[in-house]
Amino acid sequence: MIPLRQIWPDNLAARYRAAGYWRSATFSQMLRDRAAAHPDRIALVGGTERWSYAELLARAERIAGGLLALGLKPGDRVVVQLPNIPEFLSVVFGLFRARLIPVYALPAHRLVEIAHFARKAEARGYIVADRHDGFDYRALADELRAEVSAVEHVVVAGDGGPYRALADLPPPAALPAEDAAPSDVAFLQISGGSTGLSKLIPRTHDDYIYSFAASAEICGLGPDSVYLAALPVAHNFPMSSPGVFGALHAGARVVMSPSPSPEVAFPLIAREGVTITGLVPPLALLWLQAAANTPHDLSSLKVLQVGGAKFMPEAARRVRPVLGCTLQQVFGMAEGLVNYTRLDDPEEIIVGTQGRPISEADEVLVLDDAGHPVAEGEVGNLLTRGPYTIRAYHNDDVANARSFTPDGYYRTGDVVRRLPGGYLVVQGRATDHINRAGEKISAEEIEDHLQAHAQVFDAAVVSLPDDYLGERSCAFVIPAGDPPKAAALKAFMRGRGLAAFKVPDQIIFVDAFETTAVGKVSRKELRASLRRRFLAEQGTRA
Ligand code: OOB
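Cut-offs applied
Residues numbered from 1 in each chain as written. Predicted model: local features only at pLDDT ≥ 70, side-chain atom pairs only at ≥ 80, totals over all residues. Heavy atoms only, no water. Pairing = 2+ DSSP bridges. Helix = DSSP H or I, 4+ residues; strand = E, 2+ residues; numbered from the N terminus. Axes fitted to C-alpha atoms, helices over the stretch in contact; angles between N-to-C directions. Contact = heavy atoms within 4.5 Å. Phe/Tyr/Trp six-rings, centres within 6.5 Å; stacked < 30°, edge-to-face > 60°. Buried < 20%, exposed > 50% of the residue type's maximum accessible area, 1.4 Å probe, protein only. Lys NZ or Arg CZ within 6 Å of the ring centre and 35° of its normal. Salt bridge = Lys/Arg side-chain N within 4 Å of Asp/Glu carboxyl O. Near = heavy atom within 4 Å. Polar contact = N/O pair within 3.5 Å; in protein donor to acceptor, adjacent residues only side chain to side chain. Areas by Shrake-Rupley, 256 points an atom, 1.4 Å probe, with all protein chains shown as cover. Domains from an automatic or database assignment. Buried area = accessible area lost by both parts, 1.4 Å probe.

Enquirer: Can you explain the sheet that holds strand β27 (residues 506–509)? Please cite residues and give values.
Expert: With mixed pairing, three strands are arranged side by side in an open sheet as β25-β26-β27. Each end of this open sheet is capped by a strand with a single partner; those strands are β25 (456–466) and β27. Within this sheet the neighbouring strands show an average axis-to-axis angle of 25 degrees, counted without direction. Its contacts with the sheet put helix α16 (residues 443–451) on β25 and β26 (470–479), and the angle it makes with β25 is roughly 145 degrees. Across the face of the sheet, helix α17 (residues 486–495) comes into contact with β25, β26 and β27 while running at roughly 125 degrees to β27.

Printed below as a string of C-alpha cells:
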C-alpha cells in the first residue's frame, strides 16, 4: 500500500507547534475528552435518535472493535458514503479509534467516482447507508465489488441486505492500545476536481483539528450552540468550517438534516433551536424565499453561513432583513485555506467580500500570470500555504507538480482581489471547472465521457451563468454523423455511472470548433471562445 503522508518542512512544523496551532491531539482523544467532561450532554440529533457525548463515544468504540473483528487492519482505508444520519459520526469516530482511514465520498457519487476513490486509496472497505433519496447503495456496492475486488468488506447502516449491517458487526476485537500520532494522516478528503477526476487529500489530526477548532471560535460556537448539518456532511464545509467537528469540539450539539430543503430544515431549526448552519448560494436563495412566509419559528438562528461558490452581494444584503441573523461568507477549499467574514465585521465587508483567512499563519499570495505579486486591490491568482493547507495530494505526482510551487504553496486556481485587512473577493478562477451550486465539475472529465458516445465526434464543456445555480454546465458537441437527441446523450451520461450533477445541463450541437491557422487550439481557449460566442449571441455578459 502506498503510505499516507502529509509533511510540512521541519521549521514550519516547529513553528505551528510552538504557536499552539497544532495541539498534539487526535480525533479519538478529542471525543474521549468531551465525553469525560460532559457525558450526558446531547451531542447529536438525527431522525429519532438523540445521542449524548458518552453514547456517541460508546457507539464509536463498538464500531471500531466490530470493524477490526471483520478483518480490517489498522491503516486500511475505508470509503465512507453516508448521508446526514447520526451514524456518519459514530462510523468515522469508530474508524479513527480503530486507526482505519476514512475516505469521504458524497451521497451523490456513483460507480465512476467511488471506484476511482477505492482504487486510488487502495480501499479494503466500503460503508454505505441502505437507501437514501430513492437510491439503493447496496446495489452500488455490488457494482463496486465487481470492479474493484480489493474492496472486501461492505458494511451497511440500516438494512444490510446481502451485506453486513452496522448494527450487526461481529463481537468487538481488541482496540489498538495506541492512538494515532497527531501528525498522522487521519483521513482522505476529496478535491473539487478541477482537472480530471477528484484528487485525494490527506489531512492530519493536527492540521484538521486546528482548522475546525479555530473555525468554531471565529463562528462563536459554545456549549449552547446548535449546528444544523444541512449540506452533505462529508463535504469539507459542513464537516469542518466549523461544521459538525467544530461543533463537537466546542461541546455544542449537532443536528443532522436529511435534506437542505426549507421543508425539512425549517421545522428542525424551530424544534431544536438551531443557532448556526451553512448553505451554498442557491440554497440560501431558496431559504430567503421560503422564510418570507414560513409558519416555523426561525428566531433561534443567529448565523447563516454561505459558501462553496460566490454569493452575490444583492442576495447577501437580504440575509439580515429576511432571516434576522448575521450572514457569514465562507470561502474555503478541501485542500485547506478557509476564509470567513467575522461576525462583527461591518455590513459592507460581510456583504461584499468572501472573508479573510482563519489564521495569522496562513500565507496568502496574489500573483499575476508571470508570478509577480499584484498591488493591493488588483486581480490575481491566489496561492497559499499554512498550518492546515496540504503540501501534496495522495498518490498523484502529475497533480502535485501542477498544483504546488517548489516552496510549498498551493495554487488554488482561484482569481481574487485582496483588500485592506486581508479580505478576499473572489473574481473567478483560472481553471476550467464548473462550480454548479458549489459542486465542482471538471470540464475535462465530462468531455472524456461524452467522447465515449458513438455519435459524438468532439465535445467541449463550459460553464454558463445561471440565475439559480450560479453556473450551469453546457456541452458543445460536434456530432459524428447524425446528431443524437440531447436527452439520449444525457441518459447515456447517466448510464456511465456518473454522479447526476455531472450530466450536462445543456447540450448544443455545432458543426465544427474554430481552429487557428495551424489548425489547432488549446482546449482552454476553445472553451473560452465557445462560451464567449454563445453569451454574445444571447446578449449576456460573460
Ligand atoms: C469548498 O471546498 P471545495 O474543495 O469543494 O471547493 C473549493 C473551491 C474554491 O477553490 C473556490 O473555487 C470555490 O470552491 N469556492 C468559492 C467560495 N467557496 C468555495 N468561490 C467563491 N466564493 C466562495 N465563498 O467549496 C469549501 C470548503 C470549505 C468551506 C467552504 C467551502
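Enquirer: I'd like a rundown of the packing of aromatic side chains, residues and numbers included.
Expert: All chains considered together, the criterion is met by 24 aromatic pairs. Between Y104 and F187, the ring centres sit 5.0 Å apart and the planes meet at 45 degrees, which makes this aromatic pair tilted. Remark: F187 occurs in strand β10 (residues 185–190) and Y104 occurs in strand β4 (residues 101–104); sequence separation between them is 83 residues. On the basis of relative accessibility, which here comes to 0%, the residue F187 falls in the buried class. On the numbers, 5.5 Å between centres and 40 degrees between planes, the contact of F404 with Y410 is tilted. A residue is classified by how much of its surface remains accessible, and F404, at 7% relative accessible area, is buried. By relative accessible area, Y410 is classed as buried at 6%. A cation over a ring is seen here: R110 above F135, with NZ or CZ 3.6 Å from the ring centre. For the cation-ring pair, K199 lies above Y393, with the distance from its terminal atom to the ring centre recorded as 5.2 Å.

Enquirer: Kindly report on the pattern of salt bridges, identifying the contributing residues and their values.
Expert: What the rule picks out here adds up to 27 salt bridges. Salt-bridge contacts for D76 lead to R124; the nearest nitrogen and oxygen are separated by 2.6 Å. Of this pair, D76 sits in the loop between α3 (53–70) and β3 (77–81) while R124 sits in the loop between α5 (111–121) and β5 (125–129); the two residues are 48 residues apart in sequence, bridging distant segments of the chain. In this structure, the salt-bridge partner of E363 is R385, at a minimum N-O distance of 3.0 Å. Residue E363 is found in strand β19 (residues 363–367), and its partner R385 is found in strand β20 (residues 379–385); the two are separated by 22 residues along the sequence. A relative accessible area of 21% places E363 in the partly exposed class. Taken together, the shared-partner salt bridges in this structure form one network comprising D432, E447, D458, R523 and R527.

Enquirer: Help me get a handle on the site of the ligand, residues and values and all.
Expert: Contacts to the ligand come from 18 residues, most closely from H235, V330, A334, D414 and K440. V330 is positioned such that a nitrogen or oxygen atom in its backbone is 2.8 Å from a nitrogen atom of the ligand. Protein contact buries 94% of the 590 Å² of open area that the ligand shows by itself. Of all the elements in the fold, those that place two or more residues in the shell around the ligand are α8 (236–240) and β16 (326–333). With four residues, the top contributor of residues to the shell around the ligand is β16.

Enquirer: Can you tell me about the sheet that holds strand β1 (residues 42–46), naming the residues and giving the values?
Expert: Strand order in the open sheet formed by nine strands is β2-β1-β13-β12-β14-β15-β16-β17-β18, with mixed pairing between adjacent strands. Each having just a single partner strand, β2 (49–52) and β18 (356–357) make up the two edges of the open sheet. Strand direction decides the pairing type here: strand β14 (residues 276–279) and strand β15 (residues 303–307), joined by four bridges, are parallel. Across the sheet, I276 pairs through a bridge with V303, a residue of β15. Packed on one face of the sheet, α3 meets β1 and β2 and runs near 95 degrees to β2.

Enquirer: Outline the domain arrangement of the protein chain, listing residues and values.
Expert: The domain architecture assigned to the protein chain consists of domain 1 (27–38 + 53–180) and domain 2 (433–538). One C-alpha centre belongs to domain 1, the other to domain 2, and the line joining them spans 36 Å. Each partner contributes residues to the interface: domain 1 has seven residues there, and domain 2 has ten residues. Together, the buried faces of domain 1 and domain 2 total about 500 Å²; carbon and sulfur atoms form 59% of this surface. Looking only at domain 1, the three residues that lose the most surface to domain 2 are A108, V112 and E113, adding up to 69% of its buried area. On the surface where domain 1 and domain 2 come into contact, there are one salt bridge. The salt bridge partner of K502 is E113, with a shortest N-O separation of 2.7 Å. Joining domain 1 to domain 2, the criterion identifies four residue pairs in polar contact (both at pLDDT 80 or more).

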